[in-house]
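# Coordinates in review
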Amino acid sequence: MPISGLVLTLKSPPCASDLARDLHLREPRLEFGELQIDRLPCVLETATARESEEIHDWLLKQPGILSVEVVFVSFDPPQPPPEKVE
Amino acid sequence: MDELSVVDRRHFLRMAAMATATSMAQARAGTAASNQGGVPADRNGISWNKAPCRFCGTGCHVQVGVRDGRVVAIAGDRAADVNRGLLCVKGYHVGMILYGRDRLTEPLLRRGDKLVSISWDEAIDTLARRVHADPAKFAFYGSGQWTIPEGYAAQKLMKAGLGNNHIDANARLCMASAVTGYLSCYGVDEPAGCYDDLDHCDVCIFWGNNAAEMHPVLFSRLIDRRARGQRIELIDIATRRTRTTEHCQHYLEMRPHTDTVIANGIAHLLLRNNTHDRRFVENHCAFKADTNPISLHGRSITLEEYRKMLEPYTPEHVERVSGVPADKIRMLADLFGQRDRRITSLWCMGMNQHTQGTAVNRLVHSVHLLSGHFGRPGDAPTSLTGQPSACGTVREVGTLCHLLPGGRMVANAAHREECERLWNVPPGRIRGAIGHHTVQMWEKFCTPTDKGGDITTMFVQVTNPGQSLPDLERLFREKRNLADKFLAVSDVYPTATTELADLVLPASLWVEKNGIFGNSERRTQQWFRMIQPPGQARDDCWMTIALARRLFDLGHMGMRDRDGRFLFSFLDDQRREVPVWDWKRYYDVNVDKQLYEDYRRFTRLEHKDLAPYDVLAASRGLRWPVVESDGAWRETKFRFVENEDPYVGRGKGIQFYHSSTRNDRAQIWFCAYEPPPEAPNEEYPFWLCTGRVLEHWHTGTMTRRVEVLRRAMPRAYVEMHPDDARRLAIQNGEIVEIATRRGRLRLPAWTDGRGRPPRGSLFVPFFDETKLINLLTLNAVDPLSKEPDYKKCAAAVRKINGERDGQRP
């Protein structure tokens, strides 16, 4: 279960609480912390790393979000080996 | 009961993630009360400790979360000046590189076609007997990923023990031209400026440097300033559009190999317009030009001679050669002519991997010196490195065939004598003849012994030459046909190099061992071991000491010092020798600390004084020279500048105290443009450039085992211009064959990738071991730095049969 800590940089800080509520309703795997001017901390927990990437990409497309920074990553399973030399 | 003791690990990780995100949000928003904080302290069985990231030369610090002997989480380290809590996509996944399923966990020896498991004792004995049988034909090939103690131990084994200078490192392939550039201009290696320049510059010029992908944390420092409303001008001088270009106000697309012409063109205009900094030049500079044959310090010339040499480099001439419009050359010269604006130049492989690498390094420094854009925060020419300790281990410890520790030279008798005294070895132990540099070393190893191939046993640590060397067939794969050659490789995963190895040694990785790195801004960074390595994997430093001890036991006299004692002696608190060559005893003492303190004695000659180990351990790294003042250890941000650098004399302002002309002056160089060794023609009509991508680090042996990164960038590809593709009837994503005079390779063609080469140019990344682009690259080297040119050779593209890859890069 990958857990990520993210910092969202918002385009319009005044509506941040509405934005956080809206994002949480649409994506309940996101949990939001306290807004710091235009930076909104949040935690994302998903079943797979691929889901984390998809939500990261989805966040980037949301109006009101300028950028998404990953600041914390947890992980568990061993990583599979890549392809060998042909 | 402590609330945390009853929550499960998952909840704790969620809390840690939120704490980190909140503290980073505070820091980024400017609402943080202090620079500390972030992840919660050691609670609930998860302990957090600092370490520099394992990947590039930026030197970001991470916080590593460990529970039950496993790394379970990574967070950016807010207390680190380098990255202030930020990491790139590789950095956040650095912990996962430890847990690939195919970690090497036991020594393996080739018997017939197979690698079979053997004991460590047999492994060390096998290698030692090969070396002992013919020490002069042994070579040690290391890395800018060696920790400082690892590199120092290897250096001591070779030069003080075996009297053999055939030791070189893969950093020869990436930053050797930066070294010769610094030495030529300042008489001493490594940048005068530091990352603080990025916070103060008004203009940042990227000279063939895709910093947005290769040094993303440093690049974000610039972009963040712009996001905060600061005016900063970014200029990209490059041979293709990249992610860096997207953020720059100016993109100057040059023809490959013509950066020397651009730099000369700027200097030409500074003199013609009288906008050079006359006072700075009169007080602090002298002029140099090349000799024939070329030499490191060239010959002195006058300002008038210099002016005359630059005369042909008019903006119109520069435009004709480089393709950069004359107006843009004037724009650059006007910028450098403005004293009130601060200019930082950054470069990396684009300038270094170049048969005129030394020349273009000299010329970019010279533009800064001529215009006086030097010595103020934000005014600096700074090369970046690609490996975490290319500076610390290779340049400073001197793990190259011509160097001794602390900037000393093999060819200098006084330097050899000083090293023999410090190492307490008999006079004459260190040879005066320079050893084989990387390309030469591998050429000798891959040449039959009876035809002059005078290297028969090679020990490779912490690097993957089977993928990273140029012209791989000639410089690596020829080994397959040479039965008397013996290749020993220490690594953490199977690689293109272990494929041909006769002996494979499983190595500890990153926080499985103690370590010290030195980053691109002269910052030395220490970390402690946090977890055990898997299986029988052991530290590279231990392997070197164990090899030395076995040679000692076999009677090799070089393993004894003047007093007959073993070359590597480690003492406990009671001053009793600890036999660290016995792995069970290796961590009875801090071997890293003792090696590092031994090495520190060498660092003062060139005023690269390092901090004591315990001071480093308590810091997030310190930039040398580090000197003690009023009981505190003080680092140096800006070298050669009064009140910053403790070695600059009072009242001097700027003092180049290692000047090659011994008069405190830096050298402004003229170097003429020379054509590349290979250029497109009818048969091979394209330029081929190779390089890196954001998601993978160098040959991908670590990052390709991280699922997230592998999925983001699964395989190599060739970028080409849509017009070229159309002309050859190649569809986007279709498999094509790239050919050069050295080999062929099939790759998917992408015409709308993240990089946009111009017509007539191709780009292929080298991270993918299933598509070895270095089978095609050129082994021509810069005449001084001996660094190969991976950035340009002539290539052809051939349509195959419409086969498609089906995956986007």
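For the structure, see preceding data.
Presented here is an overview of the structure given in this document. (Residues numbered from 1 in each chain as written. Chains lettered and ligands numbered in written order. Predicted model: local features only at pLDDT ≥ 70, side-chain atom pairs only at ≥ 80, totals over all residues. Heavy atoms only, no water.)

### Considering the overall build of chain B
Regarding its fold elements, chain B presents 27 helices and 31 strands. Relative to a compact globule of 809 residues, whose C-alpha radius of gyration would be 28 Å, chain B shows 26 Å and is just as compact. For the C-alpha atoms alone, the extent of chain B along its principal axes is close to 70 × 70 × 65 Å. Classification of the 809 residues of chain B by burial places 66% in the buried group. For chain B, the share of sequence-separated contacts (at least 6 apart) that also reach a separation of at least 24 residues comes to 72%. When the accessible surface of chain B is split by element, carbon and sulfur atoms take 46% of a total near 26900 Å². The distance from the centre of the 111 positive side-chain charges to the centre of the 99 negative ones in chain B is 1 Å. (Helix = DSSP H or I, 4+ residues; strand = E, 2+ residues; numbered from the N terminus. Rg over C-alpha atoms; globule rule 2.2 N^0.38 Å. Buried < 20%, exposed > 50% of the residue type's maximum accessible area, 1.4 Å probe, protein only. Contact = heavy atoms within 4.5 Å. Areas by Shrake-Rupley, 256 points an atom, 1.4 Å probe, with all protein chains shown as cover. Lys, Arg positive; Asp, Glu negative; His and termini not counted. Charge placed at Lys NZ, Arg CZ, Asp CG, Glu CD.)

### Brief notes about the packing of aromatic side chains
All names here are of chain B. This model, assessed by the stated rule, comprises 35 aromatic pairs over all chains. Taking the centre distance of 6.0 Å and the plane angle of 65° together, the rings of Y152 and F602 count as edge-to-face. Of the two residues, Y152 is situated in helix α5 (residues 148–162) and F602 in the loop between α24 (591–600) and α25 (613–617); the sequence distance between them amounts to 450 residues. As far as the burial class goes, Y152 and F602 line up, both buried. Among the aromatic side chains, those forming a connected cluster through ring pairs are Y182, Y186, F280, F374, F640, Y647, F656 and Y657. Over the face of the ring belonging to Y587 we find R529, whose NZ or CZ atom lies 3.6 Å from the ring centre. Lying across the ring of F566, R549 places its NZ or CZ 5.0 Å from the centre. (Phe/Tyr/Trp six-rings, centres within 6.5 Å; stacked < 30°, edge-to-face > 60°. Lys NZ or Arg CZ within 6 Å of the ring centre and 35° of its normal.)

### Overview of the state of the cysteines
All names here are of chain B. Inspection of the entire model under this criterion finds zero disulfides over all chains. Considering cysteine sulfurs only, C201 is the nearest to C204, which forms no disulfide, with 4.9 Å between them. Given a relative accessible area of 0%, C204 falls into the buried group. Free cysteine C391: the closest other cysteine sulfur is in C174, separated by 9.2 Å. (Disulfide = S-S within 2.5 Å.)

### With respect to the interface of chain B and chain A
At the interface, 49 residues of chain B touch 36 residues of chain A. Both faces considered, chain B and chain A share a buried interface measuring about 4000 Å² in area, 58% of it formed by carbon and sulfur atoms. Interface area lost by chain B to chain A is led by B:R14, B:M18 and B:R711, which between them contribute 16%. Our count for the chain B to chain A interface comes out at three salt bridges. With a closest N to O distance of 2.3 Å, A:E53 and B:R711 form a salt bridge. For the pair chain B and chain A, the interface holds six residue pairs in polar contact (both at pLDDT 80 or more). Every element with two or more residues in the side of chain B that touches chain A is listed here: α2 (9–29), β3 (70–76) and α26 (707–712) of chain B. The greatest single-element share of the side of chain B that touches chain A, amounting to 15 residues, is contributed by α2(B). Looking at the side of chain B that touches chain A residue by residue, the class counts come to 23 nonpolar, nine polar and 17 charged. Pairing geometry for strand β4 (residues 65–74) of chain A and β3(B), over three bridges, is antiparallel. Along β3(B), the bridge assignment pairs A:F72 with B:A75. (Buried area = accessible area lost by both parts, 1.4 Å probe. Salt bridge = Lys/Arg side-chain N within 4 Å of Asp/Glu carboxyl O. Polar contact = N/O pair within 3.5 Å; in protein donor to acceptor, adjacent residues only side chain to side chain. Nonpolar A, V, L, I, M, F, W, Y, C, P; charged D, E, K, R; others polar. Pairing = 2+ DSSP bridges.)

### Some details on unusual backbone geometry
Residue and element names in this part refer to chain B. Of note, the amide linkage connecting N292 to P293 takes the cis form, showing an omega dihedral of 5°. Here P293 shows up in the loop between β11 (285–289) and β12 (299–301). Even without glycine at this site, H257 takes up a positive phi of about 80°. By secondary structure assignment, the location of H257 is in the loop between β10 (250–253) and α11 (259–272). Unusually for a residue other than glycine, V462 sits at a positive phi of about 60°. You can see V462 is positioned in the loop between β17 (457–461) and α21 (465–468).

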